[in-house]
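# Close look at the chain arrangement
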Amino acid sequence: MKVVITGADGQLGQCLQDRLSNTPNKVFPLSRRGLDITDTEAVLDHIVAIDPDVIINAAAYTAVDKAESDTEAAWAVNAKAVENLASAANNVSALFVHVSTDYVFDGSSSSPYKEADPVNPTGVYGASKLAGEKAAQQAERHIIVRTAWVFSEYGHNFLKTMVRLAGERDSLSIVNDQTGTPTYAGDLAAALVHLSEALPANGVYHFSGGEACTWFDFARAIFATCEELSEGFNMPQLTPISSSEFPTPVRRPAYSVLDGQRLKEEASVSAGDWRIALLPVCKKVLSL
Ligand SMILES: NC(=O)c1ccc[n+]([C@@H]2O[C@H](COP(=O)([O-])OP(=O)(O)OC[C@H]3O[C@@H](n4cnc5c(N)ncnc54)[C@H](OP(=O)(O)O)[C@@H]3O)[C@@H](O)[C@H]2O)c1
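Positions within a chain are numbered from 1, following the residues in the order the chain's sequence is written. Where totals are concerned, whole chains, interfaces and linings use all residues; where local detail is concerned, this predicted model gives features only for residues with pLDDT of at least 70, and gives and counts side-chain atom pairs only at 80 or more. In computing side-chain properties, one takes all heavy atoms of the structure into account and sets aside hydrogens as well as water.

For clarity, the threshold we go by: UniProt positions are given in the numbering used here, feature names are shortened, and annotations may be inferred rather than shown by experiment.
Looking at an unreviewed UniProt entry, one finds the protein named dTDP-4-dehydrorhamnose reductase and attributed to Marinobacter nitratireducens. Under the Pathway (unreviewed entry) heading, UniProt states for the protein: "Carbohydrate biosynthesis; dTDP-L-rhamnose biosynthesis." Per UniProt, the protein carries the Function (unreviewed entry) text "Catalyzes the reduction of dTDP-6-deoxy-L-lyxo-4-hexulose to yield dTDP-L-rhamnose."

Below, the structure is given as structure tokens:
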């Protein structure tokens, strides 16, 4: 299988490369420098030249708060550029695998979101990603996977921020009224590779990291793991706070747990387990 990965330098992009290394697949990792997906002509040229079987789009504008003031850039990458990729995929009859987000929901539910539940994004990032889902559906063969709270040893994410802050502060206040599901980018990468081979029906699927928790719970688990791994780890004192005590330009969904039943039934892909992923990821982040 020839596989193109766009956004190859991001968290998911790098985990996809790790996952696909040492497999018989021929992988074409394209970072933003190699291929800016907003460049319609360059996208078509690259995809026609490579003629892949699968295009996995790991590129996105992911700065949720910045997107409120950088609206045009967010829409260009998260929506318009997805049209470029879907159209190029059609040109070479490739399967288009696209990634979306729990932020397409407003978080007012109290039970895990199913794929067909009504969407209602609360900010520019969520709205642009929702438009990206529609654009991805223009590919004749497409799989759209919504995920949530992505972390890994790569790039920028909550886990790495927590580890950094632990080295700088003795106490931290963490939001305890938003519930979601941390998802290891390596588990997501494995699921996407499996889906590329299993070829389920066109459509939207949910994949996340298993057990639901709050950011406060997640931080506590991260620090417990770091303490277990490193005797000298500075465990900060943690205080649970409400979202109103930590205002952000975009209101985050209070509840954004994704129901992964469809993926399990139709493609035998079970949720990841973020608690299992914590140990190896923290080990790498702490350079142990
Ligand atoms: N992170 C999360 O918590 C989260 C939650 C739910 C869903 N998701 C979705 O999961 C997917 C993967 O997210 P991630 O966490 O791996 O994101 P990430 O680490 O921010 O990586 C995104 C990558 O896309 C690249 N990119 C941005 N604009 C581009 C362009 N015009 N052309 C080509 N590449 C471009 C970025 O390059 P630069 O570094 O140069 O900007 C970066 O390498 C995304 O679709 C995201 O929306 C993420």
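### Notes on the overall build of the protein
As a reminder of what qualifies: Helix and strand labels come from DSSP, where a helix needs a run of H or I of at least four residues and a strand needs a run of E of at least two; each type is numbered from the N terminus. We take the radius of gyration over the C-alpha atoms and set the globule estimate at 2.2 Å times the residue count to the 0.38 power. Exposure categories follow from relative accessible area, calculated using a 1.4 Å probe and restricted to protein chains: below 20% of the type maximum is buried, above 50% is exposed, and the middle band is partly exposed. We call two residues contacting when some pair of their heavy atoms lies within 4.5 Å. Here the Shrake-Rupley method, with its probe set to 1.4 Å, supplies the accessible areas, and only the displayed protein chains count as covering residues. Neither His nor the chain ends contribute to the count of charged residues, in which Lys and Arg are positive and Asp and Glu negative. One atom stands in for each charge, and that atom is NZ of Lys, CZ of Arg, CG of Asp or CD of Glu.
Across its full length, the protein carries nine helices and 12 strands. Relative to its length of 288 residues, the protein is compact, with a C-alpha radius of gyration of 19 Å against a globular reference of 19 Å. Counting only C-alpha atoms and orienting by the principal axes, one finds that the protein spans roughly 55 × 40 × 35 Å. Residues counted as buried form 52% of the 288 residues belonging to the protein. Of all intrachain contacts in the protein linking residues separated by at least 6 positions in sequence, the fraction that spans at least 24 positions is 83%. For the protein, the accessible surface area stands at approximately 12800 Å², while carbon and sulfur atoms represent 48% of it. In the protein, 23 side chains carry a positive charge and 35 a negative one; their mean positions are 2 Å apart.

### Things to note about the site of the ligand
The cut-off we apply is this: For this description, a residue counts as near a given molecule or strand if any of its non-hydrogen atoms is within 4 Å of it. The definition of a polar contact used here is a pair of N or O atoms within 3.5 Å, where within protein one atom must be able to donate a hydrogen and the other to accept one, and adjacent residues in sequence count solely through side-chain atom pairs. Three classes are used: nonpolar for Ala, Val, Leu, Ile, Met, Phe, Trp, Tyr, Cys and Pro, charged for Asp, Glu, Lys and Arg, and polar for all others, with Gly counted as polar.
Around the ligand there are 24 residues in total, and Leu 12, Arg 32, Thr 62, Tyr 125 and Lys 129 lie nearest to it. Within the backbone of Leu 12, one N or O atom sits 2.8 Å away from an oxygen atom of the ligand. With respect to the ligand, the side chain of Asp 36 contributes an N or O atom lying 2.9 Å from a nitrogen atom. Out of a free accessible area of 900 Å², the ligand has 81% covered by protein chains. Every element with two or more residues in the shell around the ligand is listed here: helix 1 (11–20), strand 4 (95–101) and helix 4 (124–136). With three residues, strand 4 is the largest single contributor of residues to the shell around the ligand. Tallied by class, residues from the shell around the ligand come to 12 nonpolar, eight polar and four charged.

### Notes on the environment of Thr 183
Tracing the backbone shows Thr 183 in strand 9 (residues 183–184). Considered as a pair, Thr 183 and Phe 207 are 24 residues apart in the sequence and their alpha carbons are 8.3 Å apart. When neighbours within four sequence positions are excluded, Thr 183 is seen to be in contact with Thr 147, Ala 148, Trp 149, Val 150, Phe 151, Leu 188, Phe 207, Ser 208 and Gly 209. A distance of 3.2 Å separates the side chain of Thr 183 from the backbone oxygen of Thr 181, its partner in a polar contact.

### As for the sheet that holds strand 5 (residues 142–147)
Under the convention used in this document: Here, a strand pair is defined by DSSP locating no fewer than two bridges between the strands. Working convention: axes come from line fits to C-alpha atoms, limited for helices to the stretch in contact. Angles between N-to-C directions cover 0 to 180 degrees.
One open sheet accounts for six strands, arranged 2-1-3-4-5-10; its pairing is parallel. Of all the strands in the sheet, the pair left with one neighbour each is strand 2 (26–30) and strand 10 (203–206). Each neighbouring strand pair of the sheet contributes to a mean axis angle of 20°, computed without reference to strand direction. Bridge count between strand 1 (residues 2–6) and strand 3 (residues 54–57): four bridges; the pairing is parallel. Its bridge partner being in strand 3, Val 3 is matched across the sheet by Val 54. Where helix 1 meets the sheet, its contacts fall on strand 1, strand 2, strand 3 and strand 4, and the angle it forms with strand 1 comes to roughly 160°.

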